[in-house]
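Single-letter residue listing:
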Amino acid sequence: AAANLLVFVIMFSVMKKYLNTGKLKPGIMASSYLIVYGFLRFGDEFFRGDHAPNYLLDGWMTPAQVIGLGIIPVGVAALFYFKCKKNPDSELKED
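Quick caveat, the model's predicted, so the values are computed rather than measured.

J.: A description of the nonpolar core should follow, citing residues and the corresponding values.
T.: Judged by nonpolar contacts, Val 7, Met 11, Leu 24, Ile 28 and Met 29 together constitute the single largest core of five residues. Looking at this core, the elements with two or more residues in it are α1 (2–18) and α2 (28–47). Each residue touching Met 29, except ones within four places of it in the same chain, is listed here: Met 11, Val 14, Met 15 and Leu 24.

J.: Pulling in residues and values, what's your account of helix α3 (residues 63–84)?
T.: For α3, with 22 residues, the first-to-last C-alpha span of 32 Å sits near the 32 Å given by 1.5 Å per residue. Those residues of α3 that sit buried are Ala 64, Gln 65, Gly 68, Ile 71, Ile 72, Gly 75 and Ala 78. The arc that holds the buried residues of α3, viewed along the axis, is 145°, so those residues lie on one side. For α3, the exposed residues lying more than 90 degrees away from the buried face are Val 74, Phe 80 and Cys 84. The inward-facing, buried residues of α3 contact α2.

J.: Please set out α2 residue by residue, giving values where relevant.
T.: Its 20 residues give α2 an end-to-end C-alpha distance of 29 Å, which sits within 8% of 28 Å, the value for a rise of 1.5 Å per residue. For α2, the full list of buried residues reads Ile 28, Met 29, Ser 31, Ile 35, Gly 38, Phe 42 and Glu 45. For α2, the secondary structure elements touched by its buried residues are α1 and α3.

J.: An account of a nonpolar patch on the surface is needed here, citing residue identities and associated values.
T.: A cluster of nonpolar residues, Leu 5, Phe 8, Val 9, Phe 12, Met 15 and Leu 19, forms a patch on the protein surface that exposes about 570 Å² of accessible area. In this fold, Leu 5 is placed in helix α1. Classification of Leu 5 as exposed rests on a relative accessible area of 54%.

J.: Account for the environment of Leu 40, naming residues and giving values.
T.: Examined against the element boundaries, Leu 40 turns out to sit in helix α2. It is 9.4 Å that separates the C-alpha atoms of Leu 40 and Gln 65, two residues lying 25 residues apart in sequence. Dropping the residues within four chain positions of it, Leu 40 is found in contact with Ala 3, Asn 4 and Val 7.

Rules and cut-offs
Residues numbered from 1 in each chain as written. Predicted model: local features only at pLDDT ≥ 70, side-chain atom pairs only at ≥ 80, totals over all residues. Heavy atoms only, no water. Core = buried A, V, L, I, M, F, W, Y, C linked by side-chain atoms within 4.5 Å. Buried < 20%, exposed > 50% of the residue type's maximum accessible area, 1.4 Å probe, protein only. Helix = DSSP H or I, 4+ residues; strand = E, 2+ residues; numbered from the N terminus. Contact = heavy atoms within 4.5 Å. Expected span 1.5 Å × (residues − 1). Arc of directions from axis to C-beta. Patch = residues over 30% accessible without salt bridge, like charges linked within 9 Å, V, L, I, M, F, W, Y side chains within 5 Å. Areas by Shrake-Rupley, 256 points an atom, 1.4 Å probe, with all protein chains shown as cover. Salt bridge = Lys/Arg side-chain N within 4 Å of Asp/Glu carboxyl O.

Following this line, the structure appears as structure tokens:
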């Protein structure tokens, strides 16, 4: 929970700084959060002791770690999508 709070504070301050400058495209912060959350979810499971002994991949990973690793490529794909997507507001400003 503390790591998620720290991620929120950092991402909120970045968003607040760049939101009105036009440098931050829509969807970038959400995509970035998915990537960071996936890594946090994966790493956090190594230190938890309260999960059931239902390991996957020959007893090496918990289901939450598999989910965390699945979230990372989704976030990366979304990040590339939003970075390459044309912003409709920028097309209106050019006219």
